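# Geometric and topological summary
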Amino acid sequence: MDVIVSSTSHSAGRLARPLLEKPFEMHVRSAFPVPSARPQSGGACSGLAFALAAGTALAASPAAADIQVTATIKPIHALVAQVMAGVGEPTLLVKGTASPHTFALKPSDAMALHHADVVFRVSETVEPFTRKVVASLPETVRVATLADAPGIAWLPIRTSETFEDHDHGHHAHDHDHGHDHEHDHDEHAHDERSAPRDGHVWLDPGNARKMVAEIARVLSEADPAHAETFKANAARADAAIRTLEDDLTRDLAPVKGKPYVVFHDAYQYFEHRFGLSPVGAITINPEMQPSAKRLTEIRQKLVALSASCIFSEPQVQARLVATVTEGTNTRTGTLDPEGALVEPGPNAYDALLRNLASGLKTCLVQGS
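Model, not experiment: these values are computed from the prediction. (Residues numbered from 1 in each chain as written. Predicted model: local features only at pLDDT ≥ 70, side-chain atom pairs only at ≥ 80, totals over all residues. Heavy atoms only, no water.)

### Section: the packing of aromatic side chains
In this description, an aromatic ring pair is defined by two values, namely the gap between the centres and the angle between the planes. Spelled out, the test is: Put simply, two rings from Phe, Tyr or Trp (the six-membered ring, in Trp's case) pair if the centres are within 6.5 Å, and we call them stacked under 30 degrees between planes, edge-to-face over 60, tilted for the rest. By definition, any uninterrupted DSSP run of H or I lasting at least four residues is a helix, any uninterrupted run of E lasting at least two residues is a strand, and each is numbered from the N terminus. Partly exposed describes any residue whose relative accessible area lies between the buried limit of under 20% and the exposed limit of over 50%, with all areas from a 1.4 Å probe on protein chains only and scaled to the type maximum.
Enumeration over the complete set of coordinates arrives at 3 aromatic pairs. Between Tyr260 and Phe311, the ring centres sit 5.6 Å apart and the planes meet at 85°, which makes this aromatic pair edge-to-face. Pair noted here: Tyr260 is in strand β7 (residues 260-264) and Phe311 is in strand β9 (residues 309-312), with a separation of 51 residues, a long-range link. Given a relative accessible area of 1%, Tyr260 falls into the buried group. Judged by relative accessible area, which is 1%, Phe311 ranks as buried. Judged by centre distance (4.9 Å) and plane angle (55°), the ring pair of Phe270 and Phe274 falls under tilted. Pair noted here: Phe270 and Phe274 are both in helix α9 (residues 268-274), with a separation of 4 residues, about one helical turn. Comparing Phe270 with Phe274 shows no difference in burial state: the two are buried.

### Here we look at helix α8 (residues 227-251)
Convention followed: In this scheme, a helix's expected span is set at 1.5 Å multiplied by one less than its residue total.
Between its first and last C-alpha atoms α8 spans 36 Å; for 25 residues at 1.5 Å apiece the expected length is 36 Å, and the two agree. Listed in full, the buried residues belonging to α8 are Thr229, Phe230, Asn233, Ala234, Ala237, Ile241, Leu244, Glu245, Asp247 and Leu248.

### Looking at the pairing of strand β5 (residues 118-121)
Put simply, the rule reads: Paired strands are those between which DSSP finds at least two bridges.
Across the two faces of β5 the burial is the same, with Val118 and Phe120 and Val119 and Arg121 all buried. The pairing of β5 with strand β6 (residues 142-145) spans 4 bridges and is parallel. Its bridge partner lying in β6, Val118 is registered against Arg142.

### Some points on the state of the cysteines
Note the threshold: Any two cysteine sulfur atoms lying within 2.5 Å of each other are counted as a disulfide.
All chains considered together, the criterion is met by 1 disulfide. A sulfur-sulfur separation of 2.0 Å characterises the disulfide bridge that pairs Cys309 with Cys363. On the sign convention where negative means left-handed, the S-S torsion of about -110° between Cys309 and Cys363 marks this disulfide as left-handed. Taken as a pair, Cys309 in strand β9 and Cys363 in helix α12 (residues 348-364) lie far apart in primary sequence, 54 residues in all. In this structure Cys363 comes out as buried when scored by relative accessible area, which is 4%.

### Comments concerning the packing of helix α3 (residues 74-83) against helix α7 (residues 205-222)
The description of two packed helices rests on the angle between their axes and on the distance between the axes. Let me state the cut-off plainly: To obtain an axis, a line is fitted to C-alpha atoms, over the contacting stretch when the element is a helix, and the angle between two such axes runs from 0 to 180 degrees between their N-to-C directions. Angular relationships are summarised with four words: roughly parallel below 35 degrees, roughly antiparallel beyond 145, roughly perpendicular across 65 to 115, and oblique for the angles in between. Each crossing gets its hand from how the near helix is turned against the far one by less than a right angle, where anticlockwise is left-handed and clockwise is right-handed. Note on contacts: a residue pair qualifies if any of its non-hydrogen atoms lie within 4.5 Å across the two residues. The nonpolar class holds Ala, Val, Leu, Ile, Met, Phe, Trp, Tyr, Cys and Pro. Asp, Glu, Lys and Arg form the charged class, and all remaining residues, Gly among them, are polar.
As a packed pair, α3 and α7 sit with axes 9 Å apart at the nearest point and diverge in direction by 55°. Between α3 and α7, the angle is such that the two are oblique. Crossing of α3 over α7 shows right-handed handedness. Counted together, Ile76, Leu79, Val80 and Val83 of α3 and Ala208, Met211, Val212, Ile215, Ala216 and Leu219 of α7 form the full contact between these two elements. Across the contact of α3 with α7, the residue classes break down as 10 nonpolar, no polar and no charged.

### Notes on the nonpolar core
Definition in use: Residues grouped as a nonpolar core are buried Ala, Val, Leu, Ile, Met, Phe, Trp, Tyr and Cys residues, joined through side-chain atoms within 4.5 Å.
In this structure, Phe120, Trp202 and Phe270 are the most contacted members of the largest nonpolar core, which totals 75 residues. The leading source of residues in this core is α12, at 9 residues. Core analysis: the next-biggest nonpolar cluster, separate from the first, contains 13 residues, Val261, Phe263, Ala307 and Val324 among them.

### Observations concerning the packing of α7 against α8
Running from amino to carboxyl end, α7 crosses α8 at an angle of 175°, the nearest separation of the two axes being 9 Å. Taken together, the axes of α7 and α8 lie roughly antiparallel to each other. Residue-level contacts link Pro205, Gly206, Ala208, Arg209, Val212, Ala216, Leu219 and Ser220 of α7 to Ala227, Phe230, Ala234, Ala237, Asp238, Ile241, Arg242 and Glu245 of α8. By residue class, the composition of the contact of α7 with α8 is 10 nonpolar, 2 polar and 4 charged.

Written out as structure tokens, the structure reads:
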């Protein structure tokens, strides 16, 4: 995500800010001059809670932030917006229904990145377009890869389209996912760091809280004058995410144990945290169209496992799901793991996860 905050002394702020090397941060030199024009900031603060928080923080702030920050996708943009409430508004890079897996930078996007002081992304896996672009950024641009933030609970990527024999899929509902067991969840995930990693880490609220802490740390180093505001905002965001997790734990209790299939395997952090029971995905890689043979296999699996629902995504062609469900009694629904249909802003993370829970519950409890 990109967050850009305008100020009257941008150059001075850059020179004065220490650039600290961290395992999940990169400073790279540009091979070409930085453009002179600046993009406009975006991502208005919405929602009563964060509007009030922003007003309080703004009243306490000595001046506007002297940094420009860029974030890649909506859920990360939302977390950054919460931490920056009352200081500045973040700018979003991947807008609308665009997918970070297939996103291509426009000249205006490249300009926003080159004018940023801080760029927040998830990882090269989630946003492959960042792989090359970070190599062309000026050394003054600080890139924070939030998937590598301290305390993030990783899960290994599932290499098969069927999950029923995988500990983090079909058997995940046997675990207790309350706050008291978060440490166990994190340790269990970290034990498997040697395996290829699933990049959709933001779908676990526990990971989101770790990201909020890291966002506050990075912003505080970039803009020390507002460090206390960032810290206070991060504490509010952490509490809100805990409440969100408690709400979703309660709301999703009726769908535990109900088998379902998703379009692509993007949800295991959410499934693992809330004890859900997926049995497979149409595809592992959303950039590749499933073959006719694969669609036939999924249709057979839906019948064999009595899967209640199959879930598509906003960018998925409806005919693919229609082909899979033809001749079955499987219901269909839509899940949106990256917030394609969510309005950007500080409330987008909460909306994204609540929409996932609502979509699952609406389809899976029908006729039960």
